[in-house]
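# An overview of the molecular structure
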Amino acid sequence: MKKKILIISDNLFLCKEFESIIETTELDGIEYDFSISPFSDYDSFSDTLKNKVSVRNLKDNRHVDEICVIYDIVFSVHCEQIFPEKLVSSVKCINIHPGYNPLNRGWYPQVFSILNDYPIGATIHEIDNELDNGPIVDRALVNKYSWDTSQSLYNRVVALEIDLIRKNIKKIISNSYETIKPDGKGNLYLKKDFNDICEIKLDELKTVGETIDRLRALTHGDYKNAFFIDSETGKKIFISIELTEES
């Protein structure tokens, strides 16, 4: 009897990498599908991935019930939806998390790693009823440098996530892995915490180092994160920073 696997994600790049790992790994007796959130671009995923892609809303009980009936394992790969209790209690759910649990739980771990000078890495863990809290299947750290921005650090973490998936996929599917409990609750950051640090008030008293770290943490490609309010127009003025190591 074949095992049915579902990968739920809102990250097309990681879906492509996950598909490549499955295709190049000796995994007998499995079938797999992809699902995305309702707010992701279905056409981009469907046109790029070889396997079936569906849209599932995890707030919709009908979608959750369908997953529970059809699938044996569900992978969350940068899925922006919270897995409901019914799903995690009915099916084995595994999260690929871009942070080193429990130090980097929650949203945008690389941002708060730079801002608060925490170590960072990637974690594969079972999903329970708390955010990024379940038993750990595997985890590792990446190097973090003084010239990292959110983007460069995130890219390094994603590369590690791919390595951890490749290393552990057979053990997860065959249920032959062991887990460890997280060593404490660590640090949990929500999207609200990120939103709260985006506005830079011009009368804030900060050291130059603290200001640079905050701008590094909020610089991520073309995203408009850090901003201040222009006193004359009342409009947001967005800020990013570019750092280059001496050659």
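Residues numbered from 1 in each chain as written. Predicted model: local features only at pLDDT ≥ 70, side-chain atom pairs only at ≥ 80, totals over all residues. Heavy atoms only, no water.

## With respect to helix α6 (residues 150-173)
Given a rise of 1.5 Å per residue, 24 residues ought to cover 34 Å, and the 32 Å separating the end C-alpha atoms of α6 matches this to within 8%. Bending of α6 peaks at approximately 40 degrees at the position of K167. Of the residues trailing α6, N175 is marked for its positive phi of about 55 degrees. (Helix = DSSP H or I, 4+ residues; strand = E, 2+ residues; numbered from the N terminus. Expected span 1.5 Å × (residues − 1). Bend = angle between axes of the 7 residues up to and from the residue.)

## A short note on the pairing of strand β11 (residues 236-239)
For strand β10 (residues 226-229) and β11, the ladder comprises four bridges, and the chain directions are antiparallel. If you follow F228 over to β11, its bridge partner there is I237. As consecutive antiparallel partners, β10 and β11 are separated by six residues, and within that stretch G234 has a phi angle of approximately 75 degrees, a positive value. (Pairing = 2+ DSSP bridges.)

## Let's talk about the pattern of salt bridges
If you walk through the whole model with that rule in mind, you get 16 salt bridges. We note a salt bridge from K4 to D33, for which the minimum N-O separation is 3.7 Å. Remark: D33 occurs in strand β2 (residues 30-36) and K4 occurs in strand β1 (residues 3-9); sequence separation between them is 29 residues. Across the pair D213 and R216 runs a salt bridge whose closest N-O atoms are separated by 2.9 Å. (Salt bridge = Lys/Arg side-chain N within 4 Å of Asp/Glu carboxyl O.)

## So, the sheet that holds strand β4 (residues 73-77)
Taken in spatial order, the seven strands make up an open sheet running β3-β2-β1-β4-β5-β7-β8, and their pairing is mixed. In the strand order of this sheet, the two ends are held by β3 (53-55) and β8 (136-142), each with one partner. Strand-to-strand twist of the sheet, defined as the mean angle between neighbouring strand axes without regard to direction, takes the value 20 degrees. As paired elements, strand β7 (residues 120-126) and β8 share six bridges and run antiparallel to each other. Its bridge partner lying in β8, I124 is registered against D138. (Axes fitted to C-alpha atoms, helices over the stretch in contact; angles between N-to-C directions.)

## Quick word on unusual backbone geometry
Here N101 and P102 are connected by a cis peptide whose omega angle stands at 5 degrees. Mapped onto the elements of the fold, P102 is located in the loop between β5 (92-97) and β6 (105-106). In this model, Y108 sits at a positive phi of 45 degrees, which is unusual for a non-glycine residue. One can find Y108 in the loop between β6 and α5 (109-116). Classification of Y108 by relative accessible area gives partly exposed; the value is 29%. One non-glycine residue, D132, lies in the positive phi region at around 50 degrees. Residue D132 is classed as buried on the basis of its relative accessible area of 9%. (Buried < 20%, exposed > 50% of the residue type's maximum accessible area, 1.4 Å probe, protein only.)

## Regarding the nonpolar core
Counting 50 residues, the largest nonpolar core has I5, I7, F18, F75 and I94 as its most contacted members. By residue number, the principal contributor to this core is α6, which donates 11 residues. Among all residues touching I7, those that are not within four sequence positions of it are F18, I22, Y32, D33, F34, S35, F75 and V77. Core analysis: the second largest hydrophobic core is formed by 15 residues, L6, L58, V74 and I127 among them. (Core = buried A, V, L, I, M, F, W, Y, C linked by side-chain atoms within 4.5 Å. Contact = heavy atoms within 4.5 Å.)

## Topic: the packing of aromatic side chains
Scanning the model with the defined rule gives seven aromatic pairs in all. Ring centres 5.4 Å apart and planes at 70 degrees place the aromatic pair W107 and Y108 in the edge-to-face group. Relative to W147, the ring of Y145 has its centre 4.7 Å away and its plane inclined at 5 degrees; by these criteria the two rings are stacked. Owing to a relative accessible area of 32%, Y145 belongs among the partly exposed residues under this scheme. (Phe/Tyr/Trp six-rings, centres within 6.5 Å; stacked < 30°, edge-to-face > 60°.)

## With respect to helix α7 (residues 191-198)
Among the residues of α7, F194, I197 and C198 are the ones counted as buried. For α7, the angular spread of buried residues about the axis comes to 110 degrees, placing them on one side. Each element contacted by the buried residues of α7 is listed here: α5, α8 (208-218) and β10. (Arc of directions from axis to C-beta.)

## Remarks on the side chain of N168
Its place among the elements puts N168 in helix α6. Of note is the side chain of N168, whose polar atom sits 2.9 Å from the side chain of D138. For N168, the contacting residues outside a window of four places in its chain are I124, V137 and D138. (Polar contact = N/O pair within 3.5 Å; in protein donor to acceptor, adjacent residues only side chain to side chain.)

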